[in-house]
Amino acid sequence: MIKNTYNWGIIGLGNIAHLFAQGLKHVPQARLCAVASRSMEKAKKFAMKYDVPHYYGSYEEILDNAELDIVYVATPHHLHHRVSLMCMQKHISVLCEKPVAMNRRQAEEMVKAAETYHVFFMEALWSRFLPHIRKVKDFVDNGTVSDIRLLEADFGFRAPFDPQKRIFNNQLGGGSLLDVGIYPVFLSYLLLGVPQKIEAEANIGKTNVDEICSMNMSYASGAMATLLSSITCKTKTQAMIYGSNARLEIESPWYAPSHLTLRKYEDNDDEEFRFNYDNIGNGYTFEIVEVMRSMERTQQQSSLWSWQDSLELMGILDKIREACGIHYDIK
Ligand SMILES: NC(=O)c1ccc[n+]([C@@H]2O[C@H](COP(=O)([O-])OP(=O)(O)OC[C@H]3O[C@@H](n4cnc5c(N)ncnc54)[C@H](OP(=O)(O)O)[C@@H]3O)[C@@H](O)[C@H]2O)c1
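Thresholds applied
- Residues numbered from 1 in each chain as written.
- Predicted model: local features only at pLDDT ≥ 70, side-chain atom pairs only at ≥ 80, totals over all residues.
- Heavy atoms only, no water.
- Salt bridge = Lys/Arg side-chain N within 4 Å of Asp/Glu carboxyl O.
- Helix = DSSP H or I, 4+ residues; strand = E, 2+ residues; numbered from the N terminus.
- Buried < 20%, exposed > 50% of the residue type's maximum accessible area, 1.4 Å probe, protein only.
- Pairing = 2+ DSSP bridges.
- Near = heavy atom within 4 Å.
- Polar contact = N/O pair within 3.5 Å; in protein donor to acceptor, adjacent residues only side chain to side chain.
- Areas by Shrake-Rupley, 256 points an atom, 1.4 Å probe, with all protein chains shown as cover.
- 1 Å grid on protein atoms, 1.4 Å probe; cavity = no way out; pocket = protein on both sides within 12 Å on 5 of 7 lines; lining within 4 Å.
- Sits in = over half its atoms within 2 Å of the grid points.
- Domains from an automatic or database assignment.
- UniProt positions renumbered as here; feature names shortened; annotations may be inferred.
- Axes fitted to C-alpha atoms, helices over the stretch in contact; angles between N-to-C directions.
- Parallel < 35°, antiparallel > 145°, perpendicular 65-115°, else oblique.
- Left-handed = near helix turned anticlockwise from the far one by under 90°.
- Contact = heavy atoms within 4.5 Å.
- Nonpolar A, V, L, I, M, F, W, Y, C, P; charged D, E, K, R; others polar.
- Points joined across faces, edges and corners; volume = space filled by probe spheres on them.
- Phe/Tyr/Trp six-rings, centres within 6.5 Å; stacked < 30°, edge-to-face > 60°.
- Lys NZ or Arg CZ within 6 Å of the ring centre and 35° of its normal.

Draft legend 1. Broad picture of the pattern of salt bridges. Inspection of the entire model under this criterion finds 13 salt bridges. Salt-bridge contacts for Asp141 lead to Lys137; the nearest nitrogen and oxygen are separated by 3.1 Å. A residue pair is termed a helical-turn pair when its members lie 3 or 4 positions apart in one helix, as Asp141 and Lys137 do in helix H5 (residues 131-141) at 4 residues. Note on Lys137: relative accessible area 19%, which makes it buried. A salt bridge links Arg247 to Glu249; the shortest N-O distance between them is 2.5 Å. Residue class for Arg247 comes out partly exposed when judged on its relative accessible area of 26%.

As C-alpha cells, then:
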C-alpha cells in the first residue's frame, strides 16, 4: 500500500516517455509534475497532452524544480550516465531506462552517486516486475522447474533503417544488443546468474552497430543458454526454459505474453497460466509501483532489481561486446 504522493519528472520525450506517462496515470499516488526536452515546443506539447504543470526546454532547468521526488531518464543510452548523475547530484532520485549505462564502469559511477547523495536509483528493467516473469522466477526458485539445463530466448524486430535515429546510430549507443538483446541476457542472468563462458558473434552493419547478435553462454552448473537479438529481422521472440523435470514456454512476445505453459516431462498434464495487463494500466505500471513502494520503505534500491543486478548485467553485456567486437565512438 503506497500512502505518499510522488512527484515524477521525465527527461527526454521520445517514444518510451509517452508510454511511461500513460503508465503513470494508472497509479493514483504518482503525479507527473514536470517534463524536459531539448525543445521547449516539444516539452509544452507533451505537457499539454498529459496535463503536466511544469515543462522545460532543457535538461538542466527541470532539476531546479523543488517539487520533484524522482526523474525518469528516457534519453538514448549514451546519455543515461550523464543525465542520471545530473539528477542525483541535485539529490533527486532516478529511474533510468535500460541499459542503465554504456558499460559497467559508468554504471558503477551511477551507483556510487546514489550512495553519495542518498537517493533511490534503479534501472527501468520493466520486465523484471511483470507478473509472468515473477511467476517464472518463482517456478525456478521453488523447484517446479528444477536444475535448468538449457535456456533459449530471442528478441528481434525490424527497425526502419534510419542512420540518424538511435537504433542504427553508433553515437547514440545503437545496435541490437543494448536495445533488445539486453532482455534475453537479463532472463538468462535472472535464472542462471553470471555465465562462466561467453561466446558471441555479431553482424556489424554499415553504420557500425550490431544488426544481429548471437550469444552462447555456459554456466558452472553445466547449464547453457542460447540467445539472439536483431534489429533487422522480426524473430519469434520466445523464451524456453528447460529444467531436468519440466519445461516452461513463455509465449511470443515473451516480454509481455498472454500466457506461459508449464510442461512436466513425466505427465501430459500441461498447465497454462494466463496474464492480462490491461486492467492495471500498461506494462510500465509495475515498475512504477515497485519504485514507489521501495521509496516508501526508504529503500535506496529495489530488492527485485538491485544495483548489483544492474552492475552484473552490464558486466555481461560488456563481455558479449568484447567477444563479438561491438564498439562505440562515444567519449
Ligand atoms: N523499457 C522499454 O520497453 C523501452 C522501450 C523503448 C525504449 N527504451 C529505452 O528508452 C530509451 C529511449 O528510447 P526511445 O525509443 O524513447 O527513443 P527515442 O524515441 O529516440 O527518444 C529518445 C529521446 O531522447 C532525447 N534525446 C537526447 N539527445 C538525443 C539525441 N542526440 N538524439 C536523439 N534523441 C535525443 C530526445 O528527447 P527530447 O527531444 O525531448 O530531448 C528523444 O526524443 C532508450 O535507452 C531505450 O533503450 C525502453
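Once the structure has been displayed, the description carries forward.
Draft legend 2. Structural view of the pairing of strand S11 (residues 239-242). Here S11 shows no split at all, with Ala239 and Ile241 on one side and Met240 and Tyr242 on the other all buried. Pairing of strand S7 (residues 150-156) with S11, which is carried by 4 bridges, proceeds in the antiparallel orientation. Across the sheet, the residue bridging to Ala153 is Ala239, located in S11. Judged from the 4 bridges that link them, S11 and strand S12 (residues 246-250) form a sheet pairing that is antiparallel. When the bridges of S12 are listed, Ile241 appears paired with Leu248. Once S11 ends, the chain turns through 3 residues before running back antiparallel as S12.

Draft legend 3. Summary view of the site of the ligand. Close contacts around the ligand come from 23 residues, with Ser37, Lys42, Tyr59, Lys98 and Tyr284 the closest. At 3.4 Å from a nitrogen atom of the ligand is found a side-chain nitrogen or oxygen belonging to Tyr183. When isolated, the ligand has an accessible area of 890 Å², and the protein chains bury 83% of it. Placement of the ligand is best described as lying within the largest pocket. Where the shell around the ligand is concerned, the elements lending two or more residues are helix H1 (15-24) and helix H6 (176-192). Looking at which domains feed residues into the shell around the ligand, each of domain 1 (6-125 + 282-302) and domain 2 (128-280 + 313-324) supplies at least three.

Draft legend 4. A look at the UniProt feature "domain: GFO/IDH/MocA-like oxidoreductase" (unreviewed entry) in the protein chain. Feature annotation in UniProt assigns "domain: GFO/IDH/MocA-like oxidoreductase" (unreviewed entry) to the following positions: residues 133-248. Strand forms 33% of residues 133-248 and helix 22%; the C-alpha atoms that close the span are 11 Å apart.

Draft legend 5. Molecular detail of the packing of H1 against helix H2 (residues 40-50). Contact geometry of H1 with H2 gives a least axis separation of 11 Å together with a crossing angle of 25°. The angle between the axes of H1 and H2 places the two elements in the roughly parallel class. For the pair H1 and H2, the sense of crossing is right-handed. Only Phe46, Lys49 and Tyr50 of H2 make contact with H1, whose side of the interface consists of Ala17, His18, Ala21 and Gln22. Its residues assigned to classes, the contact of H1 with H2 shows 4 nonpolar, 2 polar and 1 charged.

Draft legend 6. Up close: the layout of surface pockets. Approximately 1,300 Å³ is the volume attributed to the largest pocket. For the largest pocket, the lining is made up of 44 residues, of which Asn15, Ile16, Arg166, Ile167 and Asp179 are closest to its centre. When contributions to the lining of the largest pocket are tallied by element, the ones reaching two or more residues are H1, S7 and H6. Broken down by class, the residue content of the lining of the largest pocket amounts to 20 nonpolar, 14 polar and 10 charged.

Draft legend 7. Spotlight on the sheet that holds S11. Read from one edge to the other, the open sheet built from 8 strands follows the order S8-S9-S10-S7-S11-S12-S13-S14, with strand pairing classed as mixed. With partners counted over all chains shown, the strands left at the sheet margins are strand S8 (197-204) and strand S14 (271-274), one partner each. Neighbour-to-neighbour, the strand axes of the sheet open up by a mean angle of 10°, direction not taken into account. Of the pairings in the sheet, the one linking S7 to strand S10 (residues 224-230) comprises 7 bridges and is parallel in character. Counted as the bridge partner of Leu151 is Ala225 from S10. Where H6 meets the sheet, it contacts S7, strand S9 (210-218), S10, S11 and S12, and its direction lies at approximately 160° from that of S10.

Draft legend 8. Highlighting the packing of aromatic side chains. Per the stated rule, a full pass over the model turns up 11 aromatic pairs. Members of the aromatic cluster, each reached through a chain of ring pairs, are Trp126, Phe155, Tyr183, Tyr255 and Tyr284. For the cation-ring pair, Lys206 lies above Phe161, with the distance from its terminal atom to the ring centre recorded as 4.8 Å.

Draft legend 9. The arrangement of the pairing of S8 in detail. Sheet topology note: the S8/S9 ladder contains 8 bridges and is antiparallel. Residue pairing for S9: Ala200 is matched across the bridge by Met215. Taking the residues that link successive antiparallel strands as the turn, the S8-S9 hairpin has 5 residues, and the phi of Asn208 there is positive, at about 65°.

Draft legend 10. Geometry of the sheet that holds strand S2 (residues 30-36). Read from one edge of the open sheet, 6 strands run S3-S2-S1-S4-S5-S6, paired in parallel fashion. Looking at strand neighbours, the two that pair on one side only are strand S3 (54-56) and strand S6 (121-124), the edges of this open sheet. Pairs of neighbouring strands in the sheet enclose a mean axial angle of 25°, with direction left out of account. Sitting on the sheet, helix H7 (residues 284-296) is in contact with strand S1 (6-11), S2, strand S4 (70-73), strand S5 (93-97) and S6, with an inclination near 130° to S1.

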